Amino acid sequence: MLGAVVFAASLGAIASSAQDRAGSATVPVGQGSYTDVLSTTYQGPAALPCYHDDQLVEPQVTATPMVASGFSKPPQTHDWYSSVIWKANNSWDAQLGECALHKYSESMHPHPWSLRFESNPNFAHQMVAGYTNYYNIEDQYQDTYRTLQHTIQNDFTITFKDSGGNPIAPNDTRLADYSDWGMTAFSGDNQNHNWRTTLLEGNPYMFFETTNIASVEIRLQAVGAAFPAAVITDSAHSNMLGFTFAFTNDPSTGQTPSPVRHNFGIFAPAGTPVNHSGDARVFSIENLPANGYFSLAILPDEQPATLDFFRRRAYAYPTDARVNWSYDESQARVTTGYHVTTELKENGGDLLNQTVQALYVHQQQSLAAPAVRSMTAYTYTSLMGEMRVLDGNRFTTPLTYHGVLPILPKVAASPDYTTTLQQMFDQSAATTTAPDSYFSGKEMARLAQMAMIAHQVGDTVRRDQYLNLARTTLEDWLTYSGESDKKFFYRDPTWRSMIGYMAGYGSDVLLNDHHFHYGYFVMTAAVIAHFDPTWGASENWGGMVDLLIKDIANGDRSDGSFPFLRFFAPYSGHNWANGAANAADGNNQESSSEAINFATALILWGEATNNATLRDLGVYLYTTETDVALKYWFNEGNNIYPRQPDSRGRTFVWPAVGMVWGGKLSSVTYFGAATGCVIGINVLPVTGGSLYLGRNQIAGKAVYDFAANTYDAFKCWPPPAGPGQPP
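The model shown is predicted, which means the values in this text are computed figures rather than measured ones. (Residues numbered from 1 in each chain as written. Predicted model: local features only at pLDDT ≥ 70, side-chain atom pairs only at ≥ 80, totals over all residues. Heavy atoms only, no water.)

(A) Geometry of the overall build of the chain. For the chain, the helix and strand inventory stands at 15 helices and 36 strands. Whereas a compact globule of 727 residues would reach a radius of gyration of roughly 27 Å, the chain reaches 26 Å, a difference of no more than 12%. Seen through its C-alpha atoms, the chain measures out along the principal axes to roughly 85 × 60 × 55 Å. Within the chain, the fraction of its 727 residues that count as buried is 59%. Taking as baseline every contact in the chain between residues at least 6 positions apart, the subset at least 24 positions apart corresponds to 68%. When the accessible area of the chain is evaluated, it comes to approximately 27,300 Å², of which 51% is carbon and sulfur surface. If the 43 positive side-chain charges of the chain are averaged to one point and the 67 negative ones to another, these points end up 4 Å apart. (Helix = DSSP H or I, 4+ residues; strand = E, 2+ residues; numbered from the N terminus. Rg over C-alpha atoms; globule rule 2.2 N^0.38 Å. Buried < 20%, exposed > 50% of the residue type's maximum accessible area, 1.4 Å probe, protein only. Contact = heavy atoms within 4.5 Å. Areas by Shrake-Rupley, 256 points an atom, 1.4 Å probe, with all protein chains shown as cover. Lys, Arg positive; Asp, Glu negative; His and termini not counted. Charge placed at Lys NZ, Arg CZ, Asp CG, Glu CD.)

Below, the structure is given as structure tokens:
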């Protein structure tokens with residue numbers, strides 16, 4: 001089935017020709033090398049198998065970027081919209097006789113919106129969308145509930161129709177374009193009926209451009225006991241209409257608050273009326289021109305003045321959204337700029353060529369003038385706290401860079417310090433036996449940290465032992481020696497990614513977690529280059545290290561060999577770990593601290609190799625993500641996690657979460673729910689870049705006290721038995 005929905009001809013620059021794939025199997029880079037031909041022994045990026053009633057419907061096949069004709073950018077992954085470009089399936093059974101989600105999208109959560117593209121013979125619509133300003137508390141483990149869930153309850157469906165009133169049956173949904181925090185999706189059939197949908201994270205509008213679509217129907221779908229919609233209108237503008245309605249779910253769902261009220265606006269071209277007649281839950285745009293457009297907006301309230309405010313900005317369609325950053329070393333200040341470029345779809349009257357942006361808590365708290373003066377009183381509720389609306393296309397956020405250290409300094413003065421350190425050295429075997437890129441990376445980085453500690457205490461014998469083993473292992477990874485090689489990198493030409501084999505945790509089939517894995521590689525490289533700067537030269541081993549960095553965080557827009565900032569989401573302020581975002585809760589990241597470890601390593605690598613550009617990129621990533629991790633993973637200001645019970649009386653008492661998703665916050669991990677796992681995965685590895693964890697001592701103590709007083713504080717990674725330690 002996949003072959004029927006994927007066409008290769010339109011992939012343009014991102015597709016690899018047969019000649020490209022038939023190139024040399026070994027590509028030298030300085031003293032290192034990688035392969036551009038993957039042995040059939042290994043798997044690359046894939047569309048996962050799909051089952052129905054335990055029967056295989058679609059086997060696993062190689063994933064190909066699903067892009068619209070004319071798309072020419074590097075294929076962007078690891079974002080809120082990744083399921084549009086990467087149809088990866090998921091492990092659950094398809095509810096229908098086909099993998100419908102494979103062709104359209106999973107649920108996506110560009111706050112304040114949540115939405116999904118879909119189509120199948122049992123219903124006519126092509127999209128569902130909603131404003132998830134409610135939550136429920138789930139996942140009881142032992143004596144606490146672990147998850148704050150924001151599930152799409154489908155405020156409404158959107159149906160695109162032809163001139164005969166028939167719903168369009170789109171072949172699929174593809175990525176047509178993307179920006180630093182937004183995307184445009186293309187949906188269409190074989191008869192030249194199509195539409196483009198543009199969304200930006202933080203923007204309360206959805207923008208549509210249509211071709212040969214005669215009418216559009218918006219039908220309220222909120223589950224539970226819905227109240228009739230009330231119309232907010234303006235007799236002077238028949239091409240717009242607002243509506244407000246409330247709904248309540250079955251109490252067993254735990255929806256809080258309940259009932260909840262939502263307000264939306266519909267904005268059509270001049271001369272194209274928006275109708276509301278007959279069925280109280282149905283709104284329609286009729287007689288769209290052959291090349292039409294319209295937008296929808298979540299309204300913060302039901303006041304006519306608010307509808308008019310959004311009308312004046314509803315025709316400013318985003319054409320780009322870009323982040324930029326600068327690091328002022330003398331002031332230890334990182335300044336991040338956000339800029340949306342807009343284009344008016346129609347002129348005249350009081351329409352403005354500017355949009356609005358709903359800012360997350362971390363952006364609000366560091367907002368610089370003059371953008372502060374552009375903040376409005378409008379707000380939205382989101383999973384990441386209250387979002388406040390800024391009226392304008394650009395803003396900046398200065399943050400203080402607090403610095404990192406190559407190694408935590410020797411400050412202990414206890415009389416048994418030397419003895420204890422020697423015991424720890426003796427217990428820490430100088431070996432690298434892990435086969436996969438994650439655990440081998442951890443082993444190498446551990447050796448590198450031990451080498452730095454040994455150097456501090458003057459133990460040059462151990463230092464050189466640790467350093468040489470780390471270097472030997474890393475150079476093995478950075479060199480391809482043929483099909484028998486068990487540690488090597490493959491550069492995938494289709495998705496433009498460096499993949500280490502043996503892979504781990506889906507780092508091959510879904511490109512998962514490269515920033516976790518390779519952060520340890522870069523940290524090891526930084527320590528080696530600290531002691532031997534010539535090793536890090538591009539003509540030696542630095543060229544391969546730089547490729548791993550570009551795979552994760554290419555900061556050069558002019559370099560199309562990798563996507564721009566693949567893993568890092570500038571508007572969210574943190575990385576996403578999953579390449580395809582193939583889950584109902586959207587994308588996710590578990591270990592904020594391992595993401596920060598990559599940024600720390602990048603700073604140290606930039607310093608060791610005298611590369612200020614890479615250092616400054618690392619400073620931007622580190623400063624931003626440490627700020628965000630403290631706010632959302634550790635609830636630093638105690639203003640993110642709701643503390644009131646849900647409608648079933650369930651409460652969320654955790655001071656920190658183990659995972660941030662697009663649609664939920666969860667105090668569990670992929671490998672366990674013990675407190676040691678949840679907290680530990682957002683602390684390790686402890687390095688000279690970990691001092692941010694103590695920046696807010698009140699929040700830090702709350703997390704520590706909570707973890708230390710739970711029975712399973714040491715159940716995830718039990719320490720070796722010894723005096724004062726639990727068995």
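Now that the structure is up, let's keep going.
(B) Structural view of the state of the cysteines. Taken as a whole and assessed by the stated rule, the structure comprises 1 disulfide. With a sulfur-sulfur separation of 2.0 Å, C677 is cross-linked through a disulfide to C716. Linking C677 and C716, the disulfide has an S-S dihedral of approximately 100° and is accordingly described as right-handed. With C677 in helix α14 (residues 675-680) and C716 in the segment after α15 (697-708), the pair connects residues that are 39 residues apart, well separated along the chain. A relative accessible area of 4% means that C677 is categorised as buried. By relative accessible area, C716 is classed as buried at 17%. (Disulfide = S-S within 2.5 Å.)

(C) The arrangement of the nonpolar core in detail. Among the nonpolar cores identified, the biggest contains 185 residues, and F156, M206, F310, F489 and W605 are the most heavily contacted of them. Of all the elements, helix α13 (residues 612-633) adds the most residues to this core, at 11 residues. Non-local contacts of F156, meaning those with residues more than four positions away in its chain, are made with W113, M127, V128, A129, M206, I218, R219, L220, Q221, F264 and L296. Grouped together as the second largest cluster of nonpolar side chains are 8 residues, A577, A595, I681 and L684 included. (Core = buried A, V, L, I, M, F, W, Y, C linked by side-chain atoms within 4.5 Å.)

(D) Local environment of the environment of D328. As for its placement among the helices and strands, D328 is situated in strand β24 (residues 316-328). Along the backbone, D328 and D616 are 288 residues apart, and their C-alpha atoms lie at a distance of 9.2 Å. A distance of 2.7 Å separates the side chain of D328 from the side chain of S330, its partner in a polar contact. (Polar contact = N/O pair within 3.5 Å; in protein donor to acceptor, adjacent residues only side chain to side chain.)

(E) Representation of the pairing of strand β15 (residues 205-211). Most of β15 sits inside the fold, with 6 of its 7 residues counted as buried. Sheet topology note: the strand β14 (residues 194-200)/β15 ladder contains 5 bridges and is antiparallel. Each bridged residue has a counterpart across the sheet, and for T198 the counterpart in β15 is F207. (Pairing = 2+ DSSP bridges.)

(F) Layout of the packing of helix α11 (residues 538-553) against helix α12 (residues 592-608). Contact geometry for α11 and α12: axes closest at 12 Å, N-to-C directions at 140°. Judged by the angle between their axes, α11 and α12 are oblique. Considering how the two elements wind past one another, α11 and α12 form a crossing that is left-handed. Judged by residue contacts, G542, V545, D546, I549, I552 and A553 of α11 engage F598, L602 and W605 from α12. Per-class residue counts for the contact of α11 with α12 are 7 nonpolar, 1 polar and 1 charged. (Axes fitted to C-alpha atoms, helices over the stretch in contact; angles between N-to-C directions. Parallel < 35°, antiparallel > 145°, perpendicular 65-115°, else oblique. Left-handed = near helix turned anticlockwise from the far one by under 90°. Nonpolar A, V, L, I, M, F, W, Y, C, P; charged D, E, K, R; others polar.)

(G) Representation of the sheet that holds strand β35 (residues 659-661) within the structure. Ordered in space as β9-β10-β36-β35-β34, the 5 strands form an open sheet in which the pairing is antiparallel. Where the open sheet ends on each side, the last strands, each with one partner, are β9 (136-141) and β34 (588-589). The pairing of β35 with strand β36 (residues 664-666) spans 2 bridges and is classified as antiparallel. Looking at β36, one finds that V660 is bridged to L665.

(H) Quick peek at the pattern of salt bridges. Inspection of every chain in the model, using the stated rule, returns 30 salt bridges. The partner of K73 in a salt bridge is D177, with the nearest N and O atoms 2.8 Å apart. Of the two residues, K73 is situated in the loop between β6 (61-62) and α3 (82-85) and D177 in strand β12 (residues 172-178); the sequence distance between them amounts to 104 residues. The exposure class assigned to K73 is partly exposed, which follows from its relative accessible area of 29%. (Salt bridge = Lys/Arg side-chain N within 4 Å of Asp/Glu carboxyl O.)

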